[in-house]
Amino acid sequence: MTEAALPTAWPDLAGRIVDGRHVLPIRVYFEDTDFSGVVYHASYLRFMERGRSDFMRLSGADHADLFEGDDPVAFAVRRMTISYERPAGIDDILTVETRTKEMRGASMVLAQRVLRGDEVLVTADVQVALVARSGRARRIPTALRRILGEAVEDEV
C-alpha cells in the first residue's frame, strides 16, 4: 500500500461514544504484562488514561485545544479510587468505558471500567481538576460542562 493510499483517519482509532459512554478497545501486548503473563497493575492506568483522553477528544474537548487556546487550561488527575477485580492476560481484547459521573465547580469525576467481554476486570473513579497554566484550579466553563455530559440548566 502506498502512502497516498493510507487513510487520513483510522475509523474508531479513538473508540466511539455510545449511549453517553466512551468505549475504547485495547489489545493486551507482552509489554503490558508482568513476569507471570498477567497485565501489570500500572498498565490499567495507561489504558484508562487513553480512554479519558479519547473521551475528551471525541466529546469536543481535545486536551491540546484546551491548552493552546486564548485561556490555556488542562485537566489534571487529582484523585483515583481503583479496584482490581480480575486479571487480564496477553492477547486479551479489553474495553475501556468512560463516562462523566459527577461535575463540581473546578473538578469532575469520571467513572471508568475495564472489561473483557461482559466481565468487569477493573473499576475506577477518577477525579480531575481543571487548572490554568499557573496550576491554580479554574471553574469548568458552562460550554465545557455541556459537552462533557453534565445537564446544565439554561441561564436566565
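These figures come from a predicted structure and were not determined experimentally.

Student: Help me understand the side chain of Thr33 in this model?
Tutor: Its location among the elements puts Thr33 in the loop between strand S2 (21-27) and helix H1 (41-59). Here Phe30 takes part through its backbone oxygen, which lies 2.7 Å from a polar atom of the side chain of Thr33. Setting aside chain neighbours within four positions, we find Thr33 in contact with Val28, Val38, Val39, Tyr40 and Ile90.

Student: Sorry, what's going on with the pairing of strand S5 (residues 107-116) here?
Tutor: Successive residues of a regular strand alternate their side chains across the two faces of the sheet. Counting buried residues in S5 gives eight out of ten residues, a clear majority hidden from the surface. Sheet topology note: the strand S4 (residues 93-103)/S5 ladder contains eight bridges and is antiparallel. By the bridge assignment for S5, Val96 is matched with Val114. The hairpin formed by S4 and S5 contains three residues between the paired strands. Between the end of S5 and the start of strand S6 (residues 119-132), which pair antiparallel, lie two residues, with Gly117 showing a positive phi angle near 65°.

Student: What's the story with the nonpolar core in this structure? I'm lost.
Tutor: In a soluble, globular protein the nonpolar side chains are often hidden away together inside. Formed by 29 residues in total, the largest nonpolar core has its most connected members in Tyr44, Phe75, Leu94, Met108 and Leu148. Broken down by secondary-structure element, the contributors of at least two residues to this core are S2, H1, strand S3 (73-84), S4, S5 and S6. Per-element tally for this core: the top contributor is S6, with six residues. Discounting chain neighbours no more than four positions away, the residues touching Met108 are Met56, Phe75, Glu102, Met103, Val126, Gln127, Val128, Ile140 and Leu148.

Student: Just checking my understanding: could you explain the sheet that holds S6 for this structure?
Tutor: Strand pairing in a sheet takes place through backbone hydrogen bonds and is either antiparallel or parallel in direction. Here six strands make up an open sheet; going across it, the order is S1-S2-S4-S5-S6-S3 and the pairing antiparallel. Every interior strand has two partners, whereas the edge strands, strand S1 (16-18) and S3, have only one. On average, each strand axis in the sheet is tilted by 30° relative to the strand beside it, whichever way the strands run. Relative to S4, S2 runs antiparallel, the two being bridged by six bridges. From the neighbouring strand, Pro25 faces S4, where its bridge partner is Thr95.

Student: Looking at this model, I keep getting lost on unusual backbone geometry. Mind explaining?
Tutor: Most peptide bonds are trans, and most residues other than glycine sit at a negative phi. Even without a glycine there, the phi angle at Asp19 is positive, about 50°. By the element assignment, Asp19 lies in the loop between S1 and S2. For Asp19, a relative accessible area of 79% translates into the label exposed. The backbone of Asp91 shows a phi angle near 70°, a positive value even though the residue is not glycine.

Student: What am I meant to see in the pattern of salt bridges here?
Tutor: Inspection of the entire model under this criterion finds twelve salt bridges. With a shortest N-O distance of 2.5 Å, Glu102 and Arg104 are connected by a salt bridge. Assessed through its relative accessible area of 39%, Arg104 is described here as partly exposed. As a salt-bridge pair, Arg116 and Glu119 come within 2.8 Å of each other at their nearest N and O atoms. By relative accessible area, which is 24% here, Arg116 ends up partly exposed. Taken together, the shared-partner salt bridges in this structure form one network comprising Arg86, Asp92, Arg116 and Glu119.

Student: I'm lost on H1 in this one. Help?
Tutor: Structurally, the α-helix is built with 3.6 residues per turn, so residues lying three or four positions apart point the same way. Between its terminal C-alpha atoms H1 stretches 28 Å, which fits the 27 Å expected from 19 residues at 1.5 Å a residue. Burial in H1 covers these residues: Ser43, Tyr44, Phe47, Met48, Gly51, Arg52, Ser53, Asp54, Phe55, Met56 and Ser59. Immediately downstream of H1, the backbone of Gly60 shows phi near 105°, a positive value.

The rules behind these values
Residues numbered from 1 in each chain as written. Predicted model: local features only at pLDDT ≥ 70, side-chain atom pairs only at ≥ 80, totals over all residues. Heavy atoms only, no water. Helix = DSSP H or I, 4+ residues; strand = E, 2+ residues; numbered from the N terminus. Polar contact = N/O pair within 3.5 Å; in protein donor to acceptor, adjacent residues only side chain to side chain. Contact = heavy atoms within 4.5 Å. Buried < 20%, exposed > 50% of the residue type's maximum accessible area, 1.4 Å probe, protein only. Pairing = 2+ DSSP bridges. Core = buried A, V, L, I, M, F, W, Y, C linked by side-chain atoms within 4.5 Å. Axes fitted to C-alpha atoms, helices over the stretch in contact; angles between N-to-C directions. Salt bridge = Lys/Arg side-chain N within 4 Å of Asp/Glu carboxyl O. Expected span 1.5 Å × (residues − 1).

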